[in-house]
Amino acid sequence: MGTLIANGTVISPTGRIAQDVLVDGERIVALYIPGTGPRDGHRVIDATGKYVIPGGIDVHTHLDLPLGGTVVSDNFETGTIAAAWGGVTTVVDMADQHTGESVHDGLAEWHEKAAGKCAVDYSFTQMISTLDDESLKAMDYLTEHEGITSFKFFMAYPGACYSDDGQILRAMQQASHNGGLIMMHAENGIAIDVLVAQALARGETDPKYHSFTRPPELEGEATHRAIVLSKVAGNVPLYIVHMSAAEALDEVAEARHNGQNVFGETCPQYLHLTLEGTLDRPGFEGAKFVCSPPLRSKHDHRNHRADLWKGLRMNELAVVATDHCPFCFKDQKELGRGNFAKIPNGLGGIEHRLELIYQGVVAGELSLERWVETCCTTPARLFGLFPKKGIIAPGSDADIVIWDPNRKTEIGVGKKHHSNMDYSVYEGTIIDGRIDTVMSRGTVLVENDQYFGRPGHGKFLKRGLCNYLA
Ligand SMILES: [Zn+2]
């Protein structure tokens, strides 16, 4: 027995079409003119008045990651349950290479952490924090044999996962041969560390100084430098993660205009939140909002939020991911009391990306088609998962979200909140739409506000190379 999703509106990057969708086993097998899909012998889900979209793909998460003297509060089980509740059917998590450890050991550890735990399908990007000859060789091996085709580097955090310009150039040259995608955390960490030390010496220890010591110009500068290095390495595809600043967006837009293979990612927190009302809350409350790059001030000379929404609309930004890196306030964010530099960096949001970007559709910032493109289809194409994932089409995995535009969602602890966190940065936010049904490879995970998933349903995905390029 299959499942027929009847009378809904299927959304793809190229438009919205009224169609019946037939699922058999783990796949979508056919699309029909509405009302003509076969009912007999199938379960019928009536999607009248609802949107039928591909399952979300979050290509930037940190689950079970040791960081800042603690470990993020979601492991692969709790994190992927929250993902499922948010209509996310694939996560690409960042496998860590601890400084000094081999890349292969780092990857093996991530496989161990995730195996048998995941509610949704998953893959890894390999983070590289020790960029030596062995690591460069490992990039080739992972691309060819392990289905790991993206690699993340840091221009921030000197003394930890930082890579210098020469190391980054070498990694890019390696990628120009093996076809891997270079992902970059672009902030000038050397300059930031000077500003942090000066602020602390002045007694500026409150959480808001986290933002003031990581100014947008230093994100713009590092983005520029990464773009130049990728050009010198042979126009190797470069993906700038978690962009927060108009200055950085300018650099990506210009590079794209000049024909470079540069792609930008932003996250819901930079589209919805500012320093005001978050990091500047009285006492230590602002620690809940510490992430890097930081939330930006609305009193800056640039309007970062407006520019990021525009960038998303204009395809200067290709992808929305979450950089889900959750910590509880109690005992975790609290490690930085009296010193903002010791607050673990990261926000939780794996569950709320489709919701928060949909709210941009409601507000007229972007189209339904762009919503699906930036949250589902482009991530699949850039990360070598298309057309298995990211599209409602015959032959594709039946990863499907049914979205009801006529119901509301209230985000917050005790409301809609499934991440293992004792607070939500989106507390009280109302979304003018609601996830109705979530299906992963034909199995219903969420329906009627109930969860039916199980750990181990999610499978590891060996990914191909980026297929977004000419
Ligand atoms: Zn991250």
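All figures in this text were calculated on a predicted structure; none of them were measured in a lab.

Student: Got a minute to help me understand the overall build of the chain in this structure?
Tutor: Helices and strands together make up the secondary structure of the chain, namely 12 helices and 21 strands. Against the compact-globule benchmark of 23 Å for 470 residues, the chain has a radius of gyration of 21 Å, which places it among compact chains. Taking all 470 residues of the chain together, the buried fraction comes to 58%. Partitioning the intrachain contacts of the chain with sequence separation of at least 6 by distance along the chain shows that 77% fall at a separation of at least 24.

Student: I'm lost on the UniProt feature "domain: Amidohydrolase-related" (unreviewed entry) in the chain in this one. Help?
Tutor: In the numbering used here, UniProt assigns the "domain: Amidohydrolase-related" (unreviewed entry) feature to residues 51-444. Helix makes up 35% of residues 51-444 and strand makes up 17%, while its end C-alpha atoms are separated by 16 Å.

Student: What is the right way to look at the domain arrangement of the chain in this model?
Tutor: It is common to report an interface's size as the accessible area lost on association of the parts. Taken as a whole, the chain is organised into domain 1 (3-53 + 392-451) and domain 2 (56-382). Measuring from the centre of the C-alpha atoms in domain 1 to the corresponding centre in domain 2 gives 27 Å. The partner domain 2 presents 37 residues to the 29 residues of domain 1 that form the contact. Of all the secondary-structure elements, those providing two or more residues to the side of domain 1 that touches domain 2 are strand 1 (3-12), strand 2 (15-24), strand 5 (51-54), strand 19 (434-440) and strand 20 (443-447). No other element matches strand 19, which puts three residues into the side of domain 1 that touches domain 2. Looking at the side of domain 1 that touches domain 2 residue by residue, the class counts come to 16 nonpolar, nine polar and four charged.

Student: In this structure, what is going on with the environment of Arg16? I would like to understand it.
Tutor: On the secondary structure map, Arg16 appears in strand 2. Through-space distance from the C-alpha of Arg16 to that of Lys389 is 18 Å; in sequence the pair is 373 residues apart. Not counting the four nearest positions on each side in its chain, Arg16 is found in contact with Thr9, Ile11 and Leu368.

Student: Would you mind going over helix 1 (residues 76-85) with me for this structure?
Tutor: An α-helical segment advances 3.6 residues per turn. Residues three or four places apart therefore align on the same side. Extensive coverage of helix 1 is indicated by the burial of 10 of its 10 residues. Listing the buried residues of helix 1 in full gives Phe76, Glu77, Thr78, Gly79, Thr80, Ile81, Ala82, Ala83, Ala84 and Trp85. Just past helix 1, the residue Gly87 takes up positive phi, approximately 75 degrees.

Student: Would you take a moment to explain the pairing of strand 9 (residues 88-95) for this structure?
Tutor: On any regular strand, side chains alternate: one points to one face of the sheet, the next to the other face. Where burial is concerned, most of strand 9 is hidden: eight out of the eight residues are buried. Of the pairings in the sheet, the one linking strand 6 (residues 56-61) to strand 9 comprises four bridges and is parallel in character. Bridge pairing in strand 9 links Asp58 to Val91. Sheet topology note: the strand 9/strand 10 (residues 121-127) ladder contains six bridges and is parallel. From the neighbouring strand, Val92 faces strand 10, where its bridge partner is Ser123. What joins strand 9 to strand 10 is helix 2 (residues 103-114), and the crossover it makes is right-handed.

Student: Sorry if this is basic, but what is going on with helix 12 (residues 368-382) here?
Tutor: The end-to-end C-alpha separation of helix 12 is 20 Å, in line with the 21 Å expected for 15 residues at 1.5 Å each. At Thr374, helix 12 shows its maximal bend, which comes to roughly 45 degrees. By the criterion of burial, helix 12 is predominantly enclosed, with 13 of the 15 residues buried. One or two residues past the end of helix 12 sits Gly384, with phi positive at roughly 70 degrees.

Student: Could you clarify how one ought to interpret the sheet that holds strand 13 (residues 238-240) in this entry?
Tutor: By way of backbone hydrogen bonds, the strands of a sheet pair with one another, either parallel or antiparallel. In space, the eight strands of this open sheet follow the order 6-9-10-11-12-13-14-15, with parallel pairing throughout. The outermost strands of the open sheet, each flanked by one partner alone, are strand 6 and strand 15 (319-320). Where strand 10 meets strand 11 (residues 150-154), two bridges bridge the pair, whose relative direction is parallel. Within the sheet, the bridge partner assigned to Gln126 lies in strand 11 and is Phe151.

Student: For this particular structure, what's the right way to read the environment of Arg353?
Tutor: As for its placement among the helices and strands, Arg353 is situated in helix 11 (residues 353-362). With residues up to four places along the chain from it excluded, the contact list for Arg353 reads Gly56, Asp58, Gly86, Pro268, Val320, Thr322 and Cys375.

Student: Before we go on, may I ask you to explain the nonpolar core in this structure?
Tutor: The nonpolar side chains of a soluble globular protein tend to be buried with one another. Core analysis: the biggest nonpolar cluster contains 141 residues, and Val52, Ala84, Ile182, Met184 and Ile240 have the highest contact counts within it. Here this core spans two domains, and each of domain 1 (3-53 + 392-451) and domain 2 (56-382) adds at least three residues to it. Residues in contact with Val52, not counting those within four places in the same chain, are Ile5, Gly8, Thr9, Val10, Val21, Ala47, Ile392, Ile400 and Ile402.

Thresholds applied
Residues numbered from 1 in each chain as written. Predicted model: local features only at pLDDT ≥ 70, side-chain atom pairs only at ≥ 80, totals over all residues. Helix = DSSP H or I, 4+ residues; strand = E, 2+ residues; numbered from the N terminus. Rg over C-alpha atoms; globule rule 2.2 N^0.38 Å. Buried ≥ 20, exposed ≤ 12 C-beta atoms within 10 Å, placed from the backbone. Contact = placed C-beta atoms within 7 Å. UniProt positions renumbered as here; feature names shortened; annotations may be inferred. Domains from an automatic or database assignment. Nonpolar A, V, L, I, M, F, W, Y, C, P; charged D, E, K, R; others polar. Pairing = 2+ DSSP bridges. Right-handed = clockwise from strand over helix to strand, strands pointing away. Expected span 1.5 Å × (residues − 1). Bend = angle between axes of the 7 residues up to and from the residue. Core = buried A, V, L, I, M, F, W, Y, C linked by C-beta atoms within 7 Å.

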